[in-house]
Amino acid sequence: MSAARTLSEISEVESTVRLSLDLVSAAKRNIGFLRAVSESQWLHEKATVVEAIRRYDELWMPLISDLTVGLTPPMVLPPFDIEWIWFCHTLNPISYRNYCETRFSKLIGKPMIFNEENEEYALVRCQDQWRQRYPTESFENETDSDSSLQPDTVVKNEHLFNLVQKQRFVCNKFQWPYMSELVYLIAARQRYKGFLYLLLQRFSDGVSSRLVPTLDILLMWITHQSYPTVYAEDMKEMEADIMGKIAEIWDTVKEKEVEDTKKVWERTFDQPYEKAGGAIDFHGVPRVKSPAHWLVSDSDVNTKYKSLLPRFLLEACVSAKFSKVKDIDDDLKFKVLRLRVVRCHRQLKIDKHISDFSMDSWKKHSQLYCEFGTKGLILELRRLGGGCFKASKLENTASFLWNELLRAHSLTLERQINKQLRIVASITPPVQAPYLLKCVPDRVTDDSGAMVSDVILKMNNYRPQEGRWLSRTVLDHAGRECFVVRIRMGGGFWRRGGETPSAVKWEERIIEVRQGSWSYVAGSIGRAPEKVVGTATPKDPPENWEAAWSFSTGEDLLISCQASSSSSSLPDLRFCLTNLTSPDSTTKLLKGRKMQYQVKKASSSSSEEETDKDEQEEEEGFVTLIRVTEDNPEGKATALLNWKLLIVEVLPEEDAVLAILICISILRSVSELRKEDVGKLLIRRRLKEAKNGERDWGSVMIDSTSCSSSSISSAYVEAWYLNPKAVISSSSDLVARQPEISANYSPVEGGDKLYKRGIIT
């Protein structure tokens, strides 16, 4: 084997690694296509697939063959269902080549169309050609999906049908939103070229075991294959050799194959094989599960709220390599490599002993998901003071800033922290992630939005403040105030005298969401922002429902709280959310953590009855908001709410104000129906929050199973919904603080009786 080469040395001009296709543009287009395939459930029904294969085999391929003159494919694109079959077929180059040469005596290629305008033109042109040639055949697949339930559906082309069924789940491998980013695709293309170079080197060495591509390399490989004539020309010197030397998408690979691939890559390029956004993800090979549900959103409907700033997330991977050097202290058992973030979450410290790293081979230190606002990573080489749990002394540091990594080759940087230890960090491009919001208690306000206080009274020349509203401040992932929520509880003019506050009727207890932060006039005393962006109004519930709300966003919410038949079960909550302004838009509210938020039950040594009750109590506060479309009848979870703790995770495509209104309305209704202060609504003072930077929720996430370090609590780095109480109890226990706060309420705010009325009395 020749000396190690860098990836940048594998240039386009080398005849051994030739790519005559714009792989970056082609891969970007393929990702969009695969995501559309994944979201189109109808496309995977058996009857639809069978009909699509017939249309592909009998109609499309003869048409494209006749339209193809020479080696250049015509500027036409087939219908969506046929394009999916075509794509699957091309991923088996030998089968596709034999099929084309047997039927048409030539290899049929695909046109290189990489922008929407040209795609639309190619599709229209295809429609014209289709109608001229097949006047009795519909251009679209009109198969009734219900026919897929019939067991006698005939499969004529069994080979192609099985191939399509195998490829169905390939779409899920490329759902990560950062994969569409240009810098990611450029880095993936370079690594794919390195992978091809690696294959050539292995052939010359006579090595026969299979190589296993990482996700980024796999994306480029299947994109290359999906343009058959280009792939055949680029690979003509090695195509026959590489078949069987690379693990296919649907293959179960052996751990030895994975390890051998890593070793030969490291030996060739002296870099870790797996990187951020480039893990090995094949059936049968364990992979660190992402704690972040990072779904692609086509739009952000929350840009209309100027106070709500988007949240950006990236994946980071750190690997280290230890080398034995003469005349260097090799007492490694007292040295650790500590990982921290540059900004935010100062409590985060992930320690790994230097002795854990292998000699002359790369080993992963950490794989984590960070908000872009964390700025970067710091690696510290520390000497422990005689034991793992005593003070340590800093010996050296190496920093990796996100902005530097984004400009680096392949989104990867290397640092030498001392003569013995090298560190490589890689990232994915930051992309927009779900919003994280939580509501915290705040002071009572009057009808105008001013906090009820002696300060406000004095500023108003002691003119009494009218009305009383419970208030909650909505904080985003960085602790910024972005909304103020107010719940009307009482009316009337009150002074410091002996007047009795008057509680308003249930139907007058509206909820409003105001955009922006408080305008503070003295310390923590201030006025709510003026702009109201959402309201919830109580109304009479229909039969079999116990509470009803009308939202200004166009939805109606119905709530039922029925007693459970089981003595160990909590009352059975039911929800119904209907969109009155857009009947075509179907929404569902499902109790508990559903779809991507579903949590597997943990085993417990307690009795089965106690375990079930604990799980019910934990699950009860969660509600999943699901949007259903015609193409995706199973729906997509666009928000996860915890109405007990008033915490919300919202995809950019979902309205954050709607999610907040749902949360507050459920809490308000359940408190009324149960006659119990379920969500601590009686707290009417701002509780002390953890300082920004100490332990910022959502700023860093790590799969707890991959973090065995005793220096970090997994509750603080897991997804919030796995342990939501740890998120809000940043400074104190709300329940413990409630009596202390209640004793300090002033008469002008109104006593507990006003706020308890309609909640627990």
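Calculation criteria
- Residues numbered from 1 in each chain as written.
- Predicted model: local features only at pLDDT ≥ 70, side-chain atom pairs only at ≥ 80, totals over all residues.
- Heavy atoms only, no water.
- Axes fitted to C-alpha atoms, helices over the stretch in contact; angles between N-to-C directions.
- Helix = DSSP H or I, 4+ residues; strand = E, 2+ residues; numbered from the N terminus.
- Parallel < 35°, antiparallel > 145°, perpendicular 65-115°, else oblique.
- Contact = heavy atoms within 4.5 Å.
- Nonpolar A, V, L, I, M, F, W, Y, C, P; charged D, E, K, R; others polar.
- Salt bridge = Lys/Arg side-chain N within 4 Å of Asp/Glu carboxyl O.
- Buried < 20%, exposed > 50% of the residue type's maximum accessible area, 1.4 Å probe, protein only.
- Polar contact = N/O pair within 3.5 Å; in protein donor to acceptor, adjacent residues only side chain to side chain.
- Phe/Tyr/Trp six-rings, centres within 6.5 Å; stacked < 30°, edge-to-face > 60°.
- Lys NZ or Arg CZ within 6 Å of the ring centre and 35° of its normal.
- Core = buried A, V, L, I, M, F, W, Y, C linked by side-chain atoms within 4.5 Å.
- Pairing = 2+ DSSP bridges.
- pLDDT = per-residue confidence, 0-100.
- Patch = residues over 30% accessible without salt bridge, like charges linked within 9 Å, V, L, I, M, F, W, Y side chains within 5 Å.
- Areas by Shrake-Rupley, 256 points an atom, 1.4 Å probe, with all protein chains shown as cover.
- Expected span 1.5 Å × (residues − 1).
- Arc of directions from axis to C-beta.
- Disulfide = S-S within 2.5 Å.

So, the packing of helix H1 (residues 23–39) against helix H8 (residues 215–225)
Helix-helix packing: each pair is described by the crossing angle between the helix axes and the interaxial distance.
(1) Moving on: Remark: H1 packs on H8, axes separated minimally by 9 Å, with the N-to-C direction vectors making an angle of 95 degrees. Here H1 is positioned roughly perpendicular relative to H8, judged by the angle of their axes. Residues Leu-23, Ala-26, Ala-27, Asn-30 and Ile-31 of H1 touch H8, and the partners they reach there are Leu-219, Met-220, Thr-223 and His-224.
(2) Moving on: Residue composition of the contact of H1 with H8, grouped by class: six nonpolar, three polar and no charged.

Some points on the pattern of salt bridges
(1) Moving on: For the coordinates displayed, the defined rule picks out 39 salt bridges.
(2) Moving on: Notably, a salt bridge pairs Glu-83 with Arg-29, separated by 2.6 Å at the nearest N-O pair. Taken together, the positions of Glu-83 in helix H3 (residues 80–90) and Arg-29 in helix H1 put the pair 54 residues apart, joining distant regions of the chain. Each member of the pair, Glu-83 as well as Arg-29, is classed as buried.
(3) Moving on: Between Glu-672 and Lys-675 there is a salt bridge, with its nearest N and O atoms 3.3 Å apart.
(4) Moving on: The exposure class of Glu-672 is buried, given its relative accessible area of 18%.
(5) Moving on: According to the relative accessible area criterion, Lys-675 is partly exposed, its value standing at 40%.
(6) Moving on: Beyond isolated ion pairs, a larger network of salt bridges with shared partners links Glu-51, Arg-54, Glu-58 and Glu-137.

So, H8
(1) Moving on: Most of H8 sits out of view: 11 of its 11 residues are buried.
(2) Moving on: Taken residue by residue, H8 has Leu-215, Asp-216, Ile-217, Leu-218, Leu-219, Met-220, Trp-221, Ile-222, Thr-223, His-224 and Gln-225 as its buried positions.

Thoughts on the side chain of Asp-351
(1) Moving on: Assignment of secondary structure puts Asp-351 in strand E3 (residues 350–353).
(2) Moving on: With a relative accessible area of 18%, Asp-351 lands in the buried category.
(3) Moving on: Among the polar contacts listed, one links the side chain of Asp-351 to the side chain of Arg-338, at a separation of 2.8 Å.

Some details on the packing of aromatic side chains
Here the distance between the centres and the angle between the planes together describe a pair of aromatic rings.
(1) Moving on: As enumerated under the stated definition, the model contains 20 aromatic pairs in all.
(2) Moving on: Summarising the aromatic geometry, the rings of Trp-130 and Phe-139 are spaced 5.5 Å apart at their centres and angled 90 degrees between planes, so their arrangement reads as edge-to-face.
(3) Moving on: The exposure class of Phe-139 is buried, given its relative accessible area of 7%.
(4) Moving on: Three or more aromatic residues link up through ring pairs in this structure, and these residues are Phe-33, Trp-42, Phe-80, Trp-84 and Phe-87.
(5) Moving on: We note Lys-110 situated over the ring of Trp-86; from NZ or CZ to the ring centre the distance is 5.4 Å.
(6) Moving on: Taking the ring centre of Tyr-227 as reference, the NZ or CZ of Lys-110 above it sits at 5.3 Å.

Some points on the nonpolar core
(1) Moving on: Counting residues in each nonpolar core, the largest one holds 88 residues, and the members touching the most others are Tyr-56, Trp-60, Met-61, Trp-84, Phe-174 and Tyr-192.
(2) Moving on: When residues of this core are assigned to their parent elements, the largest contribution, 10 residues, is made by helix H2 (residues 46–67).
(3) Moving on: The contact partners of Trp-84, leaving out residues within four places of it in the chain, are Phe-33, Leu-34, Val-37, Leu-43, His-44, Val-164, Gln-167, Arg-168, Val-170 and Cys-171.
(4) Moving on: Counting 53 residues, the second-largest nonpolar core is a separate cluster that includes Leu-308, Tyr-435, Phe-483 and Leu-625.

Describing unusual backbone geometry
(1) Moving on: Here the phi dihedral of Leu-646 falls at roughly 55 degrees; this positive angle occurs in a residue that is not glycine.
(2) Moving on: On the secondary structure map, Leu-646 appears in the loop between strand E23 (636–642) and strand E24 (647–650).
(3) Moving on: Of the residues examined, Leu-646 reaches a relative accessible area of 3% and is grouped as buried.
(4) Moving on: In this structure, Lys-680 takes a positive phi of about 60 degrees despite not being glycine.
(5) Moving on: Along the chain, Lys-680 turns up in the loop between helix H15 (656–674) and strand E25 (700–701).

Structural notes on the sheet that holds strand E6 (residues 392–401)
Backbone hydrogen bonds hold the strands of a sheet together, and the pairing may be parallel or antiparallel.
(1) Moving on: Read from one edge to the other, the open sheet built from four strands follows the order E3-E2-E5-E6, with strand pairing classed as antiparallel. Bordering the open sheet on either side are E3 and E6, each of which pairs with just one other strand. Between one strand and the next, the sheet's axes are offset by a mean angle of 25 degrees, whatever the strand orientation.
(2) Moving on: The sheet contact formed by strand E2 (residues 335–341) and strand E5 (residues 376–384) spans seven bridges and is antiparallel.

Quick look at the environment of Glu-266
(1) Moving on: Tracing the backbone shows Glu-266 in helix H11 (residues 255–269).
(2) Moving on: Every residue in contact with Glu-266, bar those within four places of it in the chain, is listed here: Gln-271, Pro-272, Ser-361 and Trp-362.

Brief notes about the packing of H2 against H3
(1) Moving on: As a packed pair, H2 and H3 sit with axes 9 Å apart at the nearest point and diverge in direction by 85 degrees. Classified by the angle their axes make, H2 and H3 are roughly perpendicular. Contacts from Val-49, Ala-52, Ile-53, Arg-55, Tyr-56, Trp-60 and Met-61 of H2 reach H3 at Asp-81, Ile-82, Ile-85, Trp-86 and His-89.
(2) Moving on: Among the residues making up the contact of H2 with H3, the classes are represented as nine nonpolar, one polar and two charged.

Description of the confidence of the model for the protein
(1) Moving on: Here the protein shows a mean pLDDT of 83. Residues at 70 or above account for 81%.
(2) Moving on: Model confidence for the protein, summarised as mean pLDDT per element, is weakest for helix H17 (residues 734–742) at 44 and strongest for strand E14 (residues 511–515) at 96.
(3) Moving on: In this model, residues 731–742 is a region of pLDDT below 50 whose contacts with residues beyond four sequence positions or in other chains number 17 contacts.

Remarks on a nonpolar patch on the surface
(1) Moving on: A grouping of Val-455, Met-459 and Val-521 is seen on the molecular surface, where their side chains present a nonpolar patch of about 220 Å² in accessible area.
(2) Moving on: Within the fold, Val-521 resides in strand E15 (residues 519–522).

Re helix H4 (residues 93–104)
(1) Moving on: Given a rise of 1.5 Å per residue, 12 residues ought to cover 16 Å, and the 16 Å separating the end C-alpha atoms of H4 matches this to within 8%.
(2) Moving on: Looking at H4, one finds that the buried residues are Pro-93, Ser-95, Tyr-96, Tyr-99, Cys-100 and Phe-104. Along the axis of H4, the buried positions cluster into a sector of 165 degrees, meaning they face one direction only.
(3) Moving on: Ser-105 sits one or two positions beyond H4 and adopts a positive phi of about 60 degrees.

Focus on the environment of Lys-691
(1) Moving on: Inspection of the secondary structure assignment puts Lys-691 in the loop between H15 and E25.
(2) Moving on: On the basis of relative accessibility, which here comes to 63%, the residue Lys-691 falls in the exposed class.
(3) Moving on: In the structure, Lys-691 is positioned 212 residues away from Gly-479 in sequence and 8.8 Å away in space, judged by C-alpha atoms.

Quick notes on the state of the cysteines
A covalent bond bridging the sulfur atoms of two cysteines is what the word disulfide describes.
(1) Moving on: Applying the stated criterion across every chain, the model contains zero disulfides.
(2) Moving on: Free of any disulfide, Cys-171 has its nearest cysteine sulfur in Cys-88, 7.5 Å distant.
(3) Moving on: Of the residues examined, Cys-171 reaches a relative accessible area of 1% and is grouped as buried.
(4) Moving on: With no disulfide partner, Cys-482 has as its closest neighbouring cysteine sulfur the one in Cys-439, 8.6 Å distant.

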